[in-house]
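# Summary of structural features
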Amino acid sequence: MILDLHAHSDASEDSRAPLESYLKWLQRKRDLLPIDGIVLTEHRQWDAAADYRDLEDRYGILILRGAEVETDYGHILVYGVNDDITRRFDFTNVRLSAQEVVSEVTRLGGVAAPCHPGRPTIGLCEHYERKPPLDGVVAVEALNGGSRRGENERVQGLIERHGYGAFGGSDAHLVSLIGICATEFDDDVRSVEQLVAALQGGRYRPVDFREQVRAARGGA
Amino acid sequence: MSALSFDAVDVGDELPQLELTLSGEQVRGYAQAADMPGGRFMSDEAAKAEGLPGQIVPGNLSVALFSRLFTGWSAGVRLKRISATFRALVRPNVPLRISAVVTEKHASDHGNFLECDLVLENAEGERLVTGTASVELPG
Amino acid sequence: MSRTIDRSMVGEEFDHTEFPRITEAQILAYAASYGETDPRYTDPAAAARGPDGGLIAPPTFAVSLRGRHFMPRELPRNIGRNGFDAGKDIEIGVPIRPGDVLTASSTVHDIYEKTGRSGTMTFIVFRTTVTNQRGETAAVVDQKMMFR
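Residues numbered from 1 in each chain as written. Chains lettered and ligands numbered in written order. Predicted model: local features only at pLDDT ≥ 70, side-chain atom pairs only at ≥ 80, totals over all residues.

## So, the overall build of chain A
Across its full length, chain A carries 8 helices and 9 strands. Reported as C-alpha extents along the three principal axes, the dimensions of chain A are approximately 50 × 40 × 35 Å. The 220 residues of chain A split such that 50% are buried. Taking as baseline every contact in chain A between residues at least 6 positions apart, the subset at least 24 positions apart corresponds to 74%. (Helix = DSSP H or I, 4+ residues; strand = E, 2+ residues; numbered from the N terminus. Buried ≥ 20, exposed ≤ 12 C-beta atoms within 10 Å, placed from the backbone. Contact = placed C-beta atoms within 7 Å.)

## Observations regarding the nonpolar core
B:F66, B:C116, B:A133, B:V135, C:I27 and C:A62 are the most contacted members of the largest nonpolar core, which has 69 residues in total. Take this core: its biggest share by element is 7 residues, from helix α3 (residues 59-71) of chain B. Grouped together as the second largest cluster of nonpolar side chains are 64 residues, A:L33, A:V111, A:Y164 and A:V175 included. (Core = buried A, V, L, I, M, F, W, Y, C linked by C-beta atoms within 7 Å.)

## Considering the environment of A:G145
Residue and element names in this part refer to chain A. Tracing the backbone through its elements, the reader meets G145 in the loop between β6 (139-144) and α6 (155-162). Distance from G145 to G60, taken between C-alpha atoms, is 23 Å for residues 85 residues apart in sequence. The residues contacting G145, other than those within four sequence positions of it, are G169, S170, D171, A172, L177, I180, C181 and R210.

## Describing helix α4 (residues 98-107) of chain A
An α-helical turn contains 3.6 residues, so a residue and the one three or four places further along point in the same direction. Residues and elements named next belong to chain A. Considered for burial, the residues of α4 that qualify are A98, V101, V102 and V105. Down the axis, α4 shows its buried residues gathered within 95° of arc, on one side only. Residues of α4 that are buried in the fold lie against β3 (62-71), β4 (74-79), α3 (83-88) and β5 (111-114). G109 lies just past α4 and shows a positive phi near 105°. (Arc of directions from axis to C-beta.)

## Observations regarding the sheet that holds strand β1 (residues 13-18) of chain C
On the basis of which strands lie adjacent, the open sheet formed by 10 strands has the order β1(B)-β3(B)-β4(B)-β5(B)-β2(B)-β2(C)-β5(C)-β4(C)-β3(C)-β1(C) and antiparallel pairing. Of all strands in the sheet, those bounded by a partner on one side alone are β1 (18-21) of chain B together with β1 of chain C. In this sheet, neighbouring strand axes are inclined to one another by 20° on average, regardless of whether the strands run parallel or antiparallel. Examined bridge by bridge, strand β2 (residues 78-86) of chain B and strand β2 (residues 84-92) of chain C share 5 bridges and lie antiparallel to one another. When the bridges of β2(C) are listed, B:T85 appears paired with C:G87. Across the sheet, α3(B) lies against β1, β2, β3 (95-108), β4 (111-122) and β5 (127-137) of chain B together with β2 of chain C, angled at about 140° from β2(B), the strand it touches most. (Pairing = 2+ DSSP bridges. Axes fitted to C-alpha atoms, helices over the stretch in contact; angles between N-to-C directions.)

## A short note on the interface of chain B and chain C
A common way to express how large an interface is: the accessible area buried when the components associate. Taken together, the 24 residues of chain B in the interface contact 23 residues of chain C. Of all the secondary-structure elements, those providing two or more residues to the side of chain B that touches chain C are α1 (24-33), α3 and β2 of chain B. When residues of the side of chain B that touches chain C are assigned to their parent elements, the largest contribution, 9 residues, is made by α3(B). When its residues are assigned to classes, the side of chain B that touches chain C shows 11 nonpolar, 8 polar and 5 charged. (Nonpolar A, V, L, I, M, F, W, Y, C, P; charged D, E, K, R; others polar.)

## Remarks on the environment of C:I124
Residue and element names in this part refer to chain C. With respect to the secondary-structure elements, I124 resides in strand β4 (residues 119-131). Separated by 21 residues in the primary sequence, I124 and M145 place their C-alpha atoms 5.3 Å from one another. The residues touching I124, leaving out its near neighbours within four places in the chain, are V108, I111, M145 and F147.

## Here's the deal with the interface of chain A and chain B
Facing the 15 residues of chain A at the interface are 17 residues of chain B. Of the residues that constitute the side of chain A that touches chain B, the class distribution is 4 nonpolar, 5 polar and 6 charged.

## Topic: the sheet that holds β4(A)
Residues and elements named next belong to chain A. One open sheet accounts for 7 strands, arranged β5-β4-β3-β2-β1-β8-β9; its pairing is mixed. Two strands lie at the open edges of the sheet, namely β5 and β9 (204-208), each paired on one side alone. Each strand axis lies, on average, 30° off the axis of its neighbour in the sheet, ignoring direction. Across 6 bridges, the pairing between β3 and β4 is antiparallel. Bridge pairing in β4 places T71 opposite G74. Of the strands in this sheet, β3, β4 and β5 touch α4, which is tilted by about 145° from β5.

Pasting the structure below:
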């Protein structure tokens, strides 16, 4: 099962992609992007009332939700967001304690996974060069579709040294970039609870569709 | 230039790309025409004095280049909205590729509209500027 | 560095500028400066025969209208006066034509903070609404400035 674990709809201030446009795009590009579902990880926010079951039924694509928060060790994706987690953390705070996020999110039933670790300033690799490693990290985003040359490659050493699980996500902010990087799970993931369990279980790997997307580009 | 009809366009279609390299002089020319007095757009020396690596291309020029994708694509196309995020510095004397892909089309009583993703990238495929455009196309 | 921003200024107008009458030369110069070739914006004779009945300004022309004040004077100095253009959003309204007298009204539309490759940044979105002498909206331009 293949899920894009990192995507931003127009609910994120720097994205211009309506959710439904993502779904239409994936439906149309199914042969190129075999994505079974996406996880919306909006910047610094959580809308407890959002319900996309109707869109899931209409497009046959799983829609899960998480969040991308900002900490003293860079950005972190939070999966399994619940009321306890949102009461504990103000997602709009750009100076959260990464250790507290990782430890408390885990304790409260979720998973906190550093994203784009190879990116300057907001990626884990740079912070590990001068600060102690975080306790409790189980996985990092080894493949990020928005990263620049060398940034994804930088993460390999981090994963090997610390034994982190490796997943992938597009970090899409545009419709046409959804699904270009994703995660292949050995097990079925149909809910946020199953996603959290799967990320803790380690039976997954990043998948990269960027080359075939580039190869398929043509002119109108 | 003949007019492309709405029916002839499909989601996923890519517009003809623009490949160009801006000279420092072209960047200065745009900055002057657009009333942008910043030294960073005028010369390497002035830009470096501001802590930049050298002369940079104004974001407004990137947006103007995006608009050329549409004005050069089909007669009668009307750009209704254009947006851009400036992700990284764009420098003169660097080959650039500017592209657009249709991501949505919708027809209504008010007209026929396309939504497009926009990308300005360097030769290494790094996306320096990204954006979207809404355009109206004749039926 | 303190990043406390007074959000009470969101929505307040900080600039209101009436520009000199737009000229054909101004439109042609702007179009030429970025290599525009569409005759609607570059060829007055051809444009006169076209659907607009005359030369009109290119879609992004409104960004060349620089008001008296680029930003509010009361923004805290400690966020830095030397910001970077982080993005643009232009809603294009009625065509701008030679002879138009345009007025631009600018407000602080939004202020927020986030972290990125450059560290912690304050983003301020300035919204400029450009209207013509008939009160019609020619453009609404959101300029996102990044300060660090």
